[in-house]
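Structural overview
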Amino acid sequence: MARTITALVAGLIFGLGLALAGMTDPAKVIGFLDLAGAWNPALAFVMGAGVIVTFIGYRLVLARPKPVLDTKFQIPTRTDIDAPLVGGAALFGIGWGLAGYCPGPALSSLIAGNGEVFALVGAMIAGMITVRVIRARG
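Please read these numbers as outputs of a predicted model, since none were measured by experiment. (Residues numbered from 1 in each chain as written. Predicted model: local features only at pLDDT ≥ 70, side-chain atom pairs only at ≥ 80, totals over all residues. Heavy atoms only, no water.)

**Brief notes about the packing of aromatic side chains**
Inspection of the entire model under this criterion finds 2 aromatic pairs. Arranged with centres 6.0 Å apart and planes meeting at 40°, the rings of Phe 32 and Trp 39 form a pair that is tilted. By relative accessible area, Trp 39 is classed as partly exposed at 41%. Ring centres 5.8 Å apart and planes at 45° place the aromatic pair Phe 92 and Trp 96 in the tilted group. Here Phe 92 and its partner Trp 96 are both found in helix 4 (residues 83–99), 4 residues apart, which amounts to about one turn of the helix. Residue Phe 92 is classed as partly exposed on the basis of its relative accessible area of 40%. The class of Trp 96 is buried, set by a relative accessible area of 16%. (Phe/Tyr/Trp six-rings, centres within 6.5 Å; stacked < 30°, edge-to-face > 60°. Buried < 20%, exposed > 50% of the residue type's maximum accessible area, 1.4 Å probe, protein only. Helix = DSSP H or I, 4+ residues; strand = E, 2+ residues; numbered from the N terminus.)

Written as structure tokens, this is what we have:
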């Protein structure tokens, strides 16, 4: 139960941070991607802050012998680049550029009740289910 509550609180803090930074506004994201037009650097500052916090956080957390709520750290070990990774990254980038949302800000925007966001999140969930079904079939 403690792990679930901790994950929920972390997700809420992340979503609040995205909202406070204005990343739930797709115009800011599209403005960042519009290099030839009215470029908006706000997303670069948010990403930079995220990199700094993550860098410091990893140093502090990994200095511990083990996590507080688990027996060992769950760190990915795969380093290869395969077709599903490249395809997923491409789909993510295309969707992000077209809609102006990636999963975090889309979920944070649900609270606003915007119908477009509900459609986007529904399509995102359908895509995740489709991938699981395809992988299960083999």
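Moving on from the model shown.
**Digging into the pattern of salt bridges**
As a working rule, side chains carrying opposite charge can pair if their charged atoms are close by. As enumerated under the stated definition, the model contains 3 salt bridges in all. Linking Arg 78 and Asp 80 is a salt bridge whose minimum nitrogen-to-oxygen distance equals 2.9 Å. Classification of Arg 78 by relative accessible area gives exposed; the value is 58%. In this structure Asp 80 comes out as partly exposed when scored by relative accessible area, which is 42%. As a salt-bridge pair, Arg 78 and Asp 82 come within 3.0 Å of each other at their nearest N and O atoms. One continuous salt-bridge network, built from bridges that share partners, spans Arg 78, Asp 80 and Asp 82. (Salt bridge = Lys/Arg side-chain N within 4 Å of Asp/Glu carboxyl O.)

**Some details on helix 4**
In a regular helix each residue adds 1.5 Å, so 17 residues correspond to 24 Å; helix 4 covers 24 Å between its end C-alpha atoms and thus fits that length. Its side-chain oxygen placed 3.1 Å from the backbone nitrogen of Leu 85, Asp 82 serves as the N-cap of helix 4. A positive backbone phi angle near 80° is found at Gly 100, which sits one or two residues after helix 4. (Expected span 1.5 Å × (residues − 1). Polar contact = N/O pair within 3.5 Å; in protein donor to acceptor, adjacent residues only side chain to side chain.)

**Here's the deal with the nonpolar core**
If you look at the biggest cluster of nonpolar residues, it comprises 8 residues: Leu 18, Met 23, Val 29, Phe 32, Ala 42, Leu 43, Trp 96 and Cys 102. Where this core is concerned, the elements lending two or more residues are helix 2 (26–33) and helix 3 (42–62). Once you skip the residues sitting within four places of it in the chain, Ala 42 turns out to touch Met 23 and Lys 28. (Core = buried A, V, L, I, M, F, W, Y, C linked by side-chain atoms within 4.5 Å. Contact = heavy atoms within 4.5 Å.)

**Things to note about helix 6 (residues 115–137)**
Taking 1.5 Å of rise per residue, the 23 residues of helix 6 would be expected to cover 33 Å, and the 33 Å separating its terminal C-alpha atoms lies within 8% of that figure. When we look at burial in helix 6, the residues that qualify are Val 117, Val 121 and Met 124. Tucked into the core, helix 6 has its buried residues touching helix 5 (103–109). Where helix 6 terminates, the next one or two residues include Gly 138, which has phi positive at roughly 95°.

**Here we look at the side chain of Ser 108**
As for its position among the elements, Ser 108 is in helix 5. Given the relative accessible area of 17%, Ser 108 is considered buried.

**Description of the environment of Phe 73**
Residue placement: Phe 73 occurs in the loop between helix 3 and helix 4. Residues Phe 73 and Gly 138 lie 65 residues apart in sequence; the distance between their C-alpha atoms is 29 Å. In contact with Phe 73, other than residues within four places in its own chain, are Val 61, Leu 62, Arg 64, Pro 65, Lys 66 and Pro 67.

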